[in-house]
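# Analysis of the macromolecular model
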Amino acid sequence: MNLAKLPRPSASVVVASLVVLIIVFLLLATLSLSFSSMSISEVNPSGPPISPSELRWLHRGTPRQQIERQFGKGRSALAYPETGIAVEPMNATCTYYPQSLSNVRNVVQLCYSDDKLISKRAYAAPRGAPLQEG
Amino acid sequence: MTWGVGAFIVTFAVLWFFLGAPNTNSEFLVTVAISAIMGVAAGLWLGRKRSRPSGDPGEFDERATRRAVRRGVVRTALVVVVWLFFGTLALGFASALWQQRGGREHHLGLVVEHGLASSLPGWRLNGVYCCNAGIRSLEVVAGGNPISASPLNANQSLDLRLHINLRGRLTESNPLAHLPATGVDAAFSSGYITDAQLRAKLAQLPHGVVATAIVELRNPTPVTAFYRLLARHRIVYPDTSDTPVFLQAGYLGSGTQSGGQGDQLVSTGSGLTHRVSWPSPAVAGFQDWVKQLHSSDDGLLHDLGLPGVATLRALATRPRVYGFVLSQADPKELLGFLADPHVAAVRVGDIAYNLTPSS
(Lines give C-alpha, C1' and ligand atoms only; values in the text may rest on other atoms or scores of the structure.)
Protein backbone atom coordinates (compact mmCIF):
# COMPACT_ATOMS: atom_id res chain seq x y z
CA MET A 1 0.00 0.00 0.00
CA ASN A 2 1.39 3.38 -1.00
CA LEU A 3 1.04 5.58 2.05
CA ALA A 4 2.04 8.66 0.10
CA LYS A 5 -1.22 8.41 -1.86
CA LEU A 6 -3.36 8.54 1.26
CA PRO A 7 -5.08 11.88 1.71
CA ARG A 8 -3.86 14.05 4.58
CA PRO A 9 -6.54 14.16 7.25
CA SER A 10 -8.13 17.55 7.62
CA ALA A 11 -8.35 19.22 11.02
CA SER A 12 -12.13 18.72 11.18
CA VAL A 13 -11.75 14.96 10.59
CA VAL A 14 -9.16 14.71 13.34
CA VAL A 15 -11.30 16.68 15.78
CA ALA A 16 -14.43 14.66 14.94
CA SER A 17 -12.54 11.39 15.45
CA LEU A 18 -11.24 12.56 18.80
CA VAL A 19 -14.69 13.64 19.97
CA VAL A 20 -16.12 10.22 19.06
CA LEU A 21 -13.19 8.58 20.82
CA ILE A 22 -13.81 10.60 23.97
CA ILE A 23 -17.51 9.77 24.04
CA VAL A 24 -16.79 6.05 23.66
CA PHE A 25 -14.10 6.27 26.32
CA LEU A 26 -16.43 8.00 28.78
CA LEU A 27 -19.12 5.37 28.16
CA LEU A 28 -16.69 2.50 28.69
CA ALA A 29 -15.17 4.19 31.73
CA THR A 30 -18.62 4.42 33.29
CA LEU A 31 -19.20 0.74 32.62
CA SER A 32 -15.82 -0.34 33.96
CA LEU A 33 -16.24 1.75 37.10
CA SER A 34 -19.35 -0.21 37.97
CA PHE A 35 -17.31 -3.43 37.89
CA SER A 36 -14.16 -2.20 39.58
CA SER A 37 -13.26 -2.56 43.22
CA MET A 38 -15.05 -5.87 43.44
CA SER A 39 -13.65 -8.43 45.82
CA ILE A 40 -12.41 -11.45 43.91
CA SER A 41 -13.53 -13.67 46.75
CA GLU A 42 -17.20 -12.89 46.35
CA VAL A 43 -19.10 -16.10 45.89
CA ASN A 44 -22.23 -17.18 44.16
CA PRO A 45 -25.11 -18.64 46.11
CA SER A 46 -24.97 -22.40 46.20
CA GLY A 47 -27.69 -24.65 44.94
CA PRO A 48 -29.80 -27.05 46.97
CA PRO A 49 -28.06 -29.88 48.84
CA ILE A 50 -27.46 -33.30 47.30
CA SER A 51 -28.12 -36.12 49.73
CA PRO A 52 -26.12 -39.38 49.53
CA SER A 53 -29.21 -41.17 48.22
CA GLU A 54 -29.63 -38.61 45.45
CA LEU A 55 -25.94 -38.94 44.67
CA ARG A 56 -26.39 -42.68 44.09
CA TRP A 57 -28.86 -41.91 41.29
CA LEU A 58 -26.39 -39.78 39.40
CA HIS A 59 -24.58 -41.72 36.70
CA ARG A 60 -21.24 -41.04 35.10
CA GLY A 61 -21.72 -39.58 31.64
CA THR A 62 -24.76 -37.54 32.66
CA PRO A 63 -24.65 -34.14 30.91
CA ARG A 64 -23.68 -31.26 33.16
CA GLN A 65 -26.69 -29.20 32.08
CA GLN A 66 -29.06 -31.91 33.26
CA ILE A 67 -27.44 -32.05 36.70
CA GLU A 68 -27.39 -28.27 37.02
CA ARG A 69 -31.06 -28.06 36.11
CA GLN A 70 -31.84 -30.41 38.98
CA PHE A 71 -29.36 -29.29 41.65
CA GLY A 72 -28.14 -25.86 40.60
CA LYS A 73 -24.65 -24.91 39.50
CA GLY A 74 -22.91 -25.66 42.81
CA ARG A 75 -19.67 -23.87 43.67
CA SER A 76 -16.05 -24.30 42.75
CA ALA A 77 -13.60 -25.26 45.49
CA LEU A 78 -12.32 -21.68 45.68
CA ALA A 79 -15.85 -20.40 46.25
CA TYR A 80 -17.04 -23.15 48.61
CA PRO A 81 -16.63 -22.27 52.29
CA GLU A 82 -14.91 -25.48 53.40
CA THR A 83 -14.04 -28.45 51.18
CA GLY A 84 -12.14 -30.33 53.93
CA ILE A 85 -10.50 -33.54 52.76
CA ALA A 86 -11.80 -33.36 49.17
CA VAL A 87 -9.17 -33.75 46.45
CA GLU A 88 -9.86 -33.09 42.78
CA PRO A 89 -8.71 -34.81 39.61
CA MET A 90 -6.65 -32.30 37.63
CA ASN A 91 -8.20 -33.21 34.29
CA ALA A 92 -11.71 -32.18 35.30
CA THR A 93 -13.73 -29.22 36.50
CA CYS A 94 -15.31 -29.88 39.88
CA THR A 95 -18.23 -28.32 41.71
CA TYR A 96 -19.33 -28.75 45.30
CA TYR A 97 -22.72 -29.04 46.96
CA PRO A 98 -23.58 -29.49 50.62
CA GLN A 99 -24.98 -32.86 51.63
CA SER A 100 -27.34 -31.06 53.97
CA LEU A 101 -27.88 -27.48 55.05
CA SER A 102 -27.32 -28.40 58.70
CA ASN A 103 -23.58 -28.83 58.04
CA VAL A 104 -22.25 -27.70 54.69
CA ARG A 105 -18.84 -29.15 55.57
CA ASN A 106 -20.19 -32.53 54.46
CA VAL A 107 -19.75 -32.07 50.74
CA VAL A 108 -20.62 -33.73 47.48
CA GLN A 109 -18.04 -33.30 44.74
CA LEU A 110 -19.12 -33.63 41.11
CA CYS A 111 -16.40 -33.49 38.46
CA TYR A 112 -16.95 -32.95 34.77
CA SER A 113 -14.88 -33.40 31.69
CA ASP A 114 -16.28 -32.26 28.32
CA ASP A 115 -19.44 -31.28 30.23
CA LYS A 116 -20.08 -34.90 31.21
CA LEU A 117 -20.00 -36.20 34.78
CA ILE A 118 -16.83 -38.28 35.21
CA SER A 119 -16.67 -38.66 38.98
CA LYS A 120 -18.93 -38.18 42.00
CA ARG A 121 -17.84 -38.41 45.60
CA ALA A 122 -19.24 -37.59 49.00
CA TYR A 123 -16.78 -36.39 51.63
CA ALA A 124 -17.56 -36.42 55.31
CA ALA A 125 -16.42 -33.38 57.22
CA PRO A 126 -13.28 -33.77 59.34
CA ARG A 127 -13.86 -33.41 63.07
CA GLY A 128 -15.01 -30.03 64.31
CA ALA A 129 -17.95 -27.74 64.64
CA PRO A 130 -20.70 -27.92 62.03
CA LEU A 131 -20.93 -25.07 59.56
CA GLN A 132 -24.23 -23.63 58.53
CA GLU A 133 -24.73 -20.97 55.93
CA GLY A 134 -27.09 -18.10 55.70
CA MET B 1 12.90 12.45 6.95
CA THR B 2 12.23 14.56 10.04
CA TRP B 3 8.75 13.11 10.40
CA GLY B 4 10.13 9.59 10.08
CA VAL B 5 12.81 10.09 12.72
CA GLY B 6 10.31 11.80 15.01
CA ALA B 7 7.78 8.98 14.65
CA PHE B 8 10.52 6.41 15.29
CA ILE B 9 11.62 8.14 18.50
CA VAL B 10 8.06 8.73 19.72
CA THR B 11 7.02 5.12 19.03
CA PHE B 12 10.13 3.78 20.71
CA ALA B 13 9.55 6.00 23.75
CA VAL B 14 5.87 5.04 23.98
CA LEU B 15 6.64 1.31 23.77
CA TRP B 16 9.37 1.69 26.38
CA PHE B 17 7.04 3.69 28.63
CA PHE B 18 4.14 1.23 28.45
CA LEU B 19 5.92 -2.10 28.21
CA GLY B 20 8.95 -1.30 30.32
CA ALA B 21 12.59 -1.89 29.42
CA PRO B 22 13.10 -4.85 27.06
CA ASN B 23 14.40 -7.88 28.96
CA THR B 24 15.89 -9.75 26.03
CA ASN B 25 17.60 -8.93 22.75
CA SER B 26 14.62 -10.22 20.80
CA GLU B 27 12.25 -7.93 22.73
CA PHE B 28 14.56 -5.00 21.99
CA LEU B 29 14.68 -5.89 18.31
CA VAL B 30 10.87 -6.18 18.15
CA THR B 31 10.57 -2.74 19.77
CA VAL B 32 13.05 -1.26 17.28
CA ALA B 33 11.29 -2.97 14.35
CA ILE B 34 7.86 -1.65 15.34
CA SER B 35 9.32 1.84 15.81
CA ALA B 36 11.05 1.65 12.43
CA ILE B 37 7.83 0.60 10.69
CA MET B 38 6.01 3.51 12.30
CA GLY B 39 8.85 5.86 11.32
CA VAL B 40 8.83 4.75 7.68
CA ALA B 41 5.02 4.97 7.51
CA ALA B 42 4.99 8.45 9.02
CA GLY B 43 7.81 9.56 6.75
CA LEU B 44 5.99 8.36 3.65
CA TRP B 45 2.68 9.83 4.68
CA LEU B 46 3.61 13.16 6.18
CA GLY B 47 6.94 13.83 4.55
CA ARG B 48 5.50 15.10 1.27
CA LYS B 49 6.15 18.63 0.25
CA ARG B 50 3.14 20.84 0.67
CA SER B 51 2.10 22.93 -2.27
CA ARG B 52 2.87 26.53 -1.54
CA PRO B 53 0.83 29.36 -2.96
CA SER B 54 2.81 31.36 -5.47
CA GLY B 55 2.48 35.05 -5.98
CA ASP B 56 3.64 38.43 -4.86
CA PRO B 57 4.42 38.50 -1.15
CA GLY B 58 3.32 42.10 -0.92
CA GLU B 59 4.73 44.90 1.23
CA PHE B 60 6.41 44.18 4.54
CA ASP B 61 4.46 45.44 7.56
CA GLU B 62 6.55 45.16 10.73
CA ARG B 63 3.68 45.55 13.26
CA ALA B 64 1.52 43.07 11.41
CA THR B 65 4.38 40.62 11.35
CA ARG B 66 4.89 40.95 15.12
CA ARG B 67 1.16 40.38 15.71
CA ALA B 68 1.23 37.36 13.45
CA VAL B 69 4.24 35.92 15.27
CA ARG B 70 2.54 36.42 18.67
CA ARG B 71 -0.64 34.84 17.39
CA GLY B 72 1.37 31.98 15.97
CA VAL B 73 3.14 31.32 19.26
CA VAL B 74 -0.13 31.34 21.23
CA ARG B 75 -1.87 29.15 18.66
CA THR B 76 0.97 26.64 18.65
CA ALA B 77 0.91 26.44 22.43
CA LEU B 78 -2.84 25.90 22.41
CA VAL B 79 -2.58 23.21 19.77
CA VAL B 80 0.07 21.43 21.82
CA VAL B 81 -2.10 21.53 24.96
CA VAL B 82 -5.15 20.25 23.08
CA TRP B 83 -3.17 17.47 21.43
CA LEU B 84 -1.66 16.46 24.76
CA PHE B 85 -5.10 16.37 26.37
CA PHE B 86 -6.72 14.35 23.63
CA GLY B 87 -3.67 12.18 23.27
CA THR B 88 -3.74 11.30 26.96
CA LEU B 89 -7.43 10.48 26.77
CA ALA B 90 -6.91 8.32 23.70
CA LEU B 91 -3.99 6.52 25.32
CA GLY B 92 -6.03 5.90 28.45
CA PHE B 93 -8.88 4.54 26.39
CA ALA B 94 -6.63 2.27 24.34
CA SER B 95 -4.77 1.10 27.43
CA ALA B 96 -7.98 0.30 29.32
CA LEU B 97 -9.27 -1.67 26.35
CA TRP B 98 -6.00 -3.58 26.06
CA GLN B 99 -5.75 -4.37 29.78
CA GLN B 100 -9.31 -5.56 30.14
CA ARG B 101 -9.46 -7.63 26.97
CA GLY B 102 -10.93 -11.11 27.19
CA GLY B 103 -11.36 -11.29 30.97
CA ARG B 104 -7.65 -10.51 31.49
CA GLU B 105 -8.47 -8.35 34.49
CA HIS B 106 -10.35 -11.13 36.26
CA HIS B 107 -7.70 -13.70 35.45
CA LEU B 108 -4.80 -11.57 36.67
CA GLY B 109 -6.77 -10.78 39.82
CA LEU B 110 -7.26 -14.50 40.40
CA VAL B 111 -3.56 -15.23 39.87
CA VAL B 112 -2.48 -12.48 42.27
CA GLU B 113 -5.10 -13.11 44.97
CA HIS B 114 -4.37 -16.79 45.39
CA GLY B 115 -0.72 -16.35 44.46
CA LEU B 116 -0.35 -14.08 47.47
CA ALA B 117 -2.19 -16.60 49.64
CA SER B 118 0.19 -19.29 48.40
CA SER B 119 3.29 -17.18 48.77
CA LEU B 120 2.65 -15.58 52.16
CA PRO B 121 2.12 -18.28 54.80
CA GLY B 122 2.88 -15.68 57.45
CA TRP B 123 -0.10 -13.48 56.61
CA ARG B 124 -3.83 -13.98 56.94
CA LEU B 125 -5.23 -12.16 53.92
CA ASN B 126 -8.66 -10.74 54.53
CA GLY B 127 -9.41 -9.17 51.20
CA VAL B 128 -7.85 -8.80 47.80
CA TYR B 129 -9.43 -6.26 45.50
CA CYS B 130 -8.88 -6.00 41.79
CA CYS B 131 -8.50 -3.97 39.65
CA ASN B 132 -8.10 -0.24 39.40
CA ALA B 133 -7.04 0.41 35.81
CA GLY B 134 -4.41 3.07 35.14
CA ILE B 135 -2.84 4.00 31.84
CA ARG B 136 0.13 1.72 32.35
CA SER B 137 -1.04 -0.85 34.87
CA LEU B 138 -3.78 -2.57 36.85
CA GLU B 139 -3.69 -2.09 40.60
CA VAL B 140 -4.45 -4.92 43.02
CA VAL B 141 -4.91 -4.08 46.70
CA ALA B 142 -4.43 -6.74 49.38
CA GLY B 143 -5.16 -6.45 53.08
CA GLY B 144 -4.32 -8.81 55.92
CA ASN B 145 -2.78 -9.39 59.32
CA PRO B 146 0.49 -11.06 60.24
CA ILE B 147 0.58 -14.38 62.05
CA SER B 148 2.43 -13.52 65.22
CA ALA B 149 2.50 -14.51 68.84
CA SER B 150 2.41 -10.95 70.08
CA PRO B 151 -0.96 -9.19 70.04
CA LEU B 152 0.93 -5.98 69.15
CA ASN B 153 2.13 -7.42 65.87
CA ALA B 154 -1.22 -9.07 65.19
CA ASN B 155 -2.80 -5.64 65.12
CA GLN B 156 -0.53 -4.54 62.28
CA SER B 157 -2.33 -4.55 59.02
CA LEU B 158 -1.17 -5.20 55.52
CA ASP B 159 -1.94 -2.69 52.80
CA LEU B 160 -0.17 -4.10 49.81
CA ARG B 161 -0.64 -2.37 46.46
CA LEU B 162 0.65 -4.26 43.48
CA HIS B 163 0.65 -3.02 39.91
CA ILE B 164 0.49 -5.35 36.93
CA ASN B 165 1.96 -3.81 33.79
CA LEU B 166 0.80 -4.29 30.22
CA ARG B 167 2.98 -7.37 29.89
CA GLY B 168 1.33 -9.04 32.86
CA ARG B 169 4.28 -8.55 35.22
CA LEU B 170 4.50 -6.68 38.51
CA THR B 171 5.97 -3.20 38.16
CA GLU B 172 7.38 -3.44 41.69
CA SER B 173 10.67 -5.24 42.10
CA ASN B 174 10.33 -8.04 44.63
CA PRO B 175 7.49 -6.36 46.58
CA LEU B 176 6.98 -9.17 49.09
CA ALA B 177 10.54 -8.87 50.37
CA HIS B 178 9.69 -5.53 51.95
CA LEU B 179 6.78 -6.74 54.10
CA PRO B 180 7.18 -6.64 57.88
CA ALA B 181 8.52 -9.86 59.40
CA THR B 182 5.97 -12.28 60.80
CA GLY B 183 6.22 -15.11 63.28
CA VAL B 184 6.46 -17.51 60.35
CA ASP B 185 9.41 -15.57 58.91
CA ALA B 186 11.06 -15.77 62.32
CA ALA B 187 10.51 -19.54 62.37
CA PHE B 188 11.94 -19.86 58.85
CA SER B 189 15.09 -18.01 59.83
CA SER B 190 15.52 -19.53 63.26
CA GLY B 191 18.77 -21.33 63.89
CA TYR B 192 18.91 -25.08 64.25
CA ILE B 193 18.65 -26.56 67.72
CA THR B 194 18.18 -30.19 68.61
CA ASP B 195 14.84 -31.59 69.74
CA ALA B 196 16.23 -32.14 73.23
CA GLN B 197 17.39 -28.52 73.48
CA LEU B 198 14.03 -27.26 72.25
CA ARG B 199 12.19 -29.51 74.67
CA ALA B 200 14.27 -28.12 77.54
CA LYS B 201 13.64 -24.53 76.46
CA LEU B 202 9.90 -25.08 76.07
CA ALA B 203 9.70 -26.71 79.49
CA GLN B 204 11.19 -23.56 81.02
CA LEU B 205 8.61 -21.21 79.50
CA PRO B 206 6.09 -19.75 81.94
CA HIS B 207 2.36 -20.23 81.70
CA GLY B 208 0.62 -17.70 79.45
CA VAL B 209 3.14 -17.51 76.64
CA VAL B 210 2.25 -18.55 73.14
CA ALA B 211 4.38 -19.09 70.06
CA THR B 212 4.32 -19.19 66.30
CA ALA B 213 5.98 -22.31 64.95
CA ILE B 214 6.50 -24.31 61.80
CA VAL B 215 5.96 -28.02 62.22
CA GLU B 216 7.81 -30.16 59.67
CA LEU B 217 6.30 -33.57 59.01
CA ARG B 218 8.46 -36.67 58.71
CA ASN B 219 6.75 -37.81 55.50
CA PRO B 220 4.66 -36.08 52.84
CA THR B 221 1.17 -36.58 54.21
CA PRO B 222 -2.15 -36.96 52.34
CA VAL B 223 -4.83 -34.49 53.33
CA THR B 224 -7.05 -37.04 55.11
CA ALA B 225 -4.17 -38.24 57.28
CA PHE B 226 -3.16 -34.65 57.98
CA TYR B 227 -6.63 -33.77 59.30
CA ARG B 228 -6.43 -36.86 61.54
CA LEU B 229 -3.02 -35.70 62.83
CA LEU B 230 -4.43 -32.27 63.68
CA ALA B 231 -7.47 -33.82 65.38
CA ARG B 232 -5.17 -35.96 67.57
CA HIS B 233 -3.70 -32.69 68.83
CA ARG B 234 -7.16 -31.17 69.33
CA ILE B 235 -6.94 -28.85 66.35
CA VAL B 236 -10.34 -29.12 64.69
CA TYR B 237 -12.61 -26.93 62.61
CA PRO B 238 -12.79 -23.90 62.67
CA ASP B 239 -9.13 -23.75 63.79
CA THR B 240 -8.09 -26.01 60.91
CA SER B 241 -9.22 -23.43 58.38
CA ASP B 242 -6.63 -21.03 59.82
CA THR B 243 -3.75 -23.46 59.61
CA PRO B 244 -1.49 -22.73 56.62
CA VAL B 245 0.12 -25.83 55.15
CA PHE B 246 3.27 -26.25 53.07
CA LEU B 247 2.85 -28.21 49.86
CA GLN B 248 6.59 -28.38 49.15
CA ALA B 249 9.43 -29.88 51.13
CA GLY B 250 11.64 -27.53 53.11
CA TYR B 251 15.43 -27.39 53.17
CA LEU B 252 15.66 -27.91 56.89
CA GLY B 253 12.87 -30.37 57.54
CA SER B 254 15.11 -32.91 59.21
CA GLY B 255 14.04 -36.32 58.04
CA THR B 256 11.57 -34.84 55.59
CA GLN B 257 11.62 -36.72 52.34
CA SER B 258 12.41 -34.34 49.57
CA GLY B 259 12.23 -35.60 46.09
CA GLY B 260 10.70 -34.95 42.72
CA GLN B 261 8.17 -32.21 42.74
CA GLY B 262 9.07 -30.91 46.17
CA ASP B 263 12.64 -30.03 45.38
CA GLN B 264 12.14 -26.81 43.52
CA LEU B 265 12.17 -24.10 46.13
CA VAL B 266 12.02 -20.42 45.52
CA SER B 267 13.90 -17.64 47.22
CA THR B 268 12.05 -14.37 47.30
CA GLY B 269 15.25 -12.47 47.75
CA SER B 270 14.50 -11.48 51.31
CA GLY B 271 17.01 -13.94 52.61
CA LEU B 272 14.26 -16.37 53.57
CA THR B 273 13.38 -19.48 51.73
CA HIS B 274 9.72 -19.70 50.93
CA ARG B 275 7.87 -22.63 49.56
CA VAL B 276 4.43 -23.11 48.13
CA SER B 277 1.80 -22.97 50.84
CA TRP B 278 -1.96 -22.77 51.12
CA PRO B 279 -3.93 -20.96 53.85
CA SER B 280 -5.73 -24.12 54.99
CA PRO B 281 -5.43 -27.89 54.56
CA ALA B 282 -8.48 -27.81 52.26
CA VAL B 283 -6.28 -28.17 49.18
CA ALA B 284 -9.11 -28.58 46.66
CA GLY B 285 -9.05 -24.78 46.47
CA PHE B 286 -5.35 -24.89 45.58
CA GLN B 287 -6.08 -27.45 42.86
CA ASP B 288 -8.96 -25.35 41.52
CA TRP B 289 -6.65 -22.32 41.36
CA VAL B 290 -3.82 -24.16 39.63
CA LYS B 291 -6.22 -25.52 37.00
CA GLN B 292 -7.04 -21.95 36.00
CA LEU B 293 -3.40 -20.91 35.51
CA HIS B 294 -1.76 -20.64 32.09
CA SER B 295 1.90 -21.00 31.23
CA SER B 296 1.82 -17.28 30.39
CA ASP B 297 1.33 -16.63 34.13
CA ASP B 298 4.84 -17.90 34.92
CA GLY B 299 6.31 -14.40 35.00
CA LEU B 300 3.69 -13.04 37.38
CA LEU B 301 3.99 -16.11 39.60
CA HIS B 302 7.75 -15.61 39.67
CA ASP B 303 7.24 -11.99 40.71
CA LEU B 304 5.15 -13.31 43.62
CA GLY B 305 7.95 -15.66 44.67
CA LEU B 306 6.25 -18.78 43.35
CA PRO B 307 7.45 -21.47 40.96
CA GLY B 308 6.01 -21.78 37.45
CA VAL B 309 2.73 -23.35 36.45
CA ALA B 310 4.34 -26.71 35.60
CA THR B 311 5.69 -27.10 39.14
CA LEU B 312 2.43 -25.92 40.71
CA ARG B 313 0.52 -28.39 38.55
CA ALA B 314 2.82 -31.18 39.68
CA LEU B 315 2.19 -30.22 43.31
CA ALA B 316 -1.57 -30.06 42.76
CA THR B 317 -1.82 -33.39 40.95
CA ARG B 318 -0.98 -35.32 44.11
CA PRO B 319 -1.21 -32.83 46.95
CA ARG B 320 0.79 -33.70 50.05
CA VAL B 321 1.35 -31.73 53.23
CA TYR B 322 5.02 -31.37 54.20
CA GLY B 323 4.60 -29.03 57.13
CA PHE B 324 2.27 -26.46 58.63
CA VAL B 325 2.10 -23.29 60.68
CA LEU B 326 1.02 -23.32 64.29
CA SER B 327 -0.10 -19.97 65.62
CA GLN B 328 -0.81 -19.00 69.21
CA ALA B 329 0.44 -22.41 70.34
CA ASP B 330 1.24 -22.87 74.02
CA PRO B 331 4.40 -24.76 75.09
CA LYS B 332 2.37 -27.85 75.98
CA GLU B 333 0.96 -28.00 72.47
CA LEU B 334 4.42 -27.61 70.96
CA LEU B 335 5.80 -30.36 73.20
CA GLY B 336 2.92 -32.57 72.08
CA PHE B 337 3.87 -32.13 68.42
CA LEU B 338 7.55 -32.59 69.21
CA ALA B 339 6.72 -35.97 70.72
CA ASP B 340 4.57 -37.07 67.77
CA PRO B 341 6.28 -39.75 65.65
CA HIS B 342 4.90 -38.16 62.46
CA VAL B 343 6.65 -34.89 63.21
CA ALA B 344 10.26 -34.39 62.09
CA ALA B 345 10.95 -30.98 63.58
CA VAL B 346 9.34 -28.01 65.28
CA ARG B 347 10.84 -24.61 64.49
CA VAL B 348 9.71 -21.91 66.85
CA GLY B 349 9.45 -18.36 65.55
CA ASP B 350 8.32 -15.69 67.97
CA ILE B 351 7.17 -16.16 71.55
CA ALA B 352 5.14 -13.66 73.52
CA TYR B 353 2.78 -13.26 76.41
CA ASN B 354 -0.73 -13.30 75.13
CA LEU B 355 -3.21 -13.72 77.94
CA THR B 356 -6.18 -13.49 75.61
CA PRO B 357 -5.16 -15.32 72.46
CA SER B 358 -7.62 -14.53 69.74
CA SER B 359 -6.48 -17.01 67.15
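Everything numeric in this text was worked out from a predicted model, so none of it was measured.

### Some details on the environment of Leu-205 of chain B
Residues and elements named next belong to chain B. The residue Leu-205 is located in the loop between helix H7 (195–204) and strand E4 (209–221) in this model. Assessed through its relative accessible area of 27%, Leu-205 is described here as partly exposed. Leu-205 sits 106 residues away from Thr-311 along the chain, and the two C-alpha atoms are 41 Å apart. Discounting chain neighbours no more than four positions away, the residues touching Leu-205 are Pro-331 and Ile-351.

### Observations regarding the environment of Arg-127 of chain A
Structurally, Arg-127 of chain A is set in the segment after strand E4 (116–123). As a C-alpha pair, Arg-127 of chain A and Gly-84 of chain A span 43 residues in sequence and 9.8 Å in three-dimensional space. When neighbours within four sequence positions are excluded, Arg-127 of chain A is seen to be in contact with Arg-105 of chain A together with Ala-231, Val-236 and Tyr-237 of chain B.

### Points about the sheet that holds E4 of chain A
All names here are of chain A. Taken in spatial order, the 3 strands line up as E2-E3-E4 in an open sheet, and their pairing is antiparallel. Where the open sheet ends on each side, the last strands, each with one partner, are strand E2 (93–98) and E4. Neighbour-to-neighbour, the strand axes of the sheet open up by a mean angle of 20°, direction not taken into account. Note that E2 and strand E3 (residues 107–113) share 6 bridges and pair antiparallel. In the sheet register, Tyr-97 faces E3, and the bridge partner there is Val-108. On the sheet, helix H3 (residues 64–71) packs against E2, E3 and E4 and is oriented at approximately 20° with respect to E2.

### Considering the confidence of the model for chain B
Residues and elements named next belong to chain B. In the predicted model, chain B carries a mean pLDDT of 84, and 88% of its residues have values of at least 70. Here residues 252–272 is modelled with pLDDT under 50, and outside its nearest four sequence neighbours on either side it reaches 50 contacts, counting other chains as well. Under the prediction, the complex receives an ipTM of 0.72, its pTM being 0.74.

### Some remarks on helix H12 (residues 331–339) of chain B
Residues and elements named next belong to chain B. Those residues of H12 that sit buried are Pro-331, Leu-334, Phe-337 and Leu-338. Projected down its long axis, H12 shows its buried positions confined to an angular sector of 125°, all on one face. Every exposed residue of H12 that faces more than 90 degrees away from the buried side is listed here: Lys-332 and Ala-339. Those residues of H12 that are buried lie in contact with H7, E4, strand E9 (321–329) and strand E10 (343–353).

### Looking at the packing of aromatic side chains
Residue and element names in this part refer to chain B. Applying the stated criterion across every chain yields a total of 10 aromatic pairs over all chains. Centroid distance Phe-188 to Phe-246: 5.7 Å. Interplanar angle 70°. Geometry classified as edge-to-face. Taken as a pair, Phe-188 in helix H6 (residues 183–188) and Phe-246 in strand E5 (residues 245–246) lie far apart in primary sequence, 58 residues in all. An identical accessibility class is assigned to Phe-188 and Phe-246; each is buried. Among the aromatic residues, those joined into a cluster by ring pairs are Phe-8, Phe-12, Trp-16 and Phe-28. Seen from the ring of Phe-246, Arg-275 lies directly overhead, with NZ or CZ sitting 4.3 Å from the centre.

### Describing the packing of helix H1 (residues 2–19) of chain B against helix H2 (residues 25–46) of chain B
Residue and element names in this part refer to chain B. Running from N to C, H1 and H2 point in directions that differ by 145°, and their axes come no closer than 7 Å. Handedness of the crossing formed by H1 with H2: right-handed. Contact residues: H1 offers Trp-3, Gly-4, Ala-7, Phe-8, Thr-11, Phe-12 and Leu-15, while H2 offers Phe-28, Thr-31, Val-32, Ile-34, Ser-35, Ala-36, Met-38, Gly-39, Ala-42, Gly-43 and Leu-46.

### Let's talk about the side chain of Gln-109 of chain A
Residue and element names in this part refer to chain A. Tracing the backbone through its elements, the reader meets Gln-109 in strand E3. A relative accessible area of 1% means that Gln-109 is categorised as buried. A distance of 2.9 Å separates polar atoms of two side chains, one belonging to Gln-109 and the other to Tyr-96. If sequence neighbours within four positions are ignored, Gln-109 has contacts with Ala-86, Val-87, Glu-88, Cys-94, Thr-95, Tyr-96, Ser-119, Lys-120, Arg-121 and Tyr-123.

Reading the values: rules and limits
- Residues numbered from 1 in each chain as written.
- Chains lettered and ligands numbered in written order.
- Predicted model: local features only at pLDDT ≥ 70, side-chain atom pairs only at ≥ 80, totals over all residues.
- Heavy atoms only, no water.
- Helix = DSSP H or I, 4+ residues; strand = E, 2+ residues; numbered from the N terminus.
- Buried < 20%, exposed > 50% of the residue type's maximum accessible area, 1.4 Å probe, protein only.
- Contact = heavy atoms within 4.5 Å.
- Pairing = 2+ DSSP bridges.
- Axes fitted to C-alpha atoms, helices over the stretch in contact; angles between N-to-C directions.
- pLDDT = per-residue confidence, 0-100.
- Arc of directions from axis to C-beta.
- Phe/Tyr/Trp six-rings, centres within 6.5 Å; stacked < 30°, edge-to-face > 60°.
- Lys NZ or Arg CZ within 6 Å of the ring centre and 35° of its normal.
- Left-handed = near helix turned anticlockwise from the far one by under 90°.
- Polar contact = N/O pair within 3.5 Å; in protein donor to acceptor, adjacent residues only side chain to side chain.

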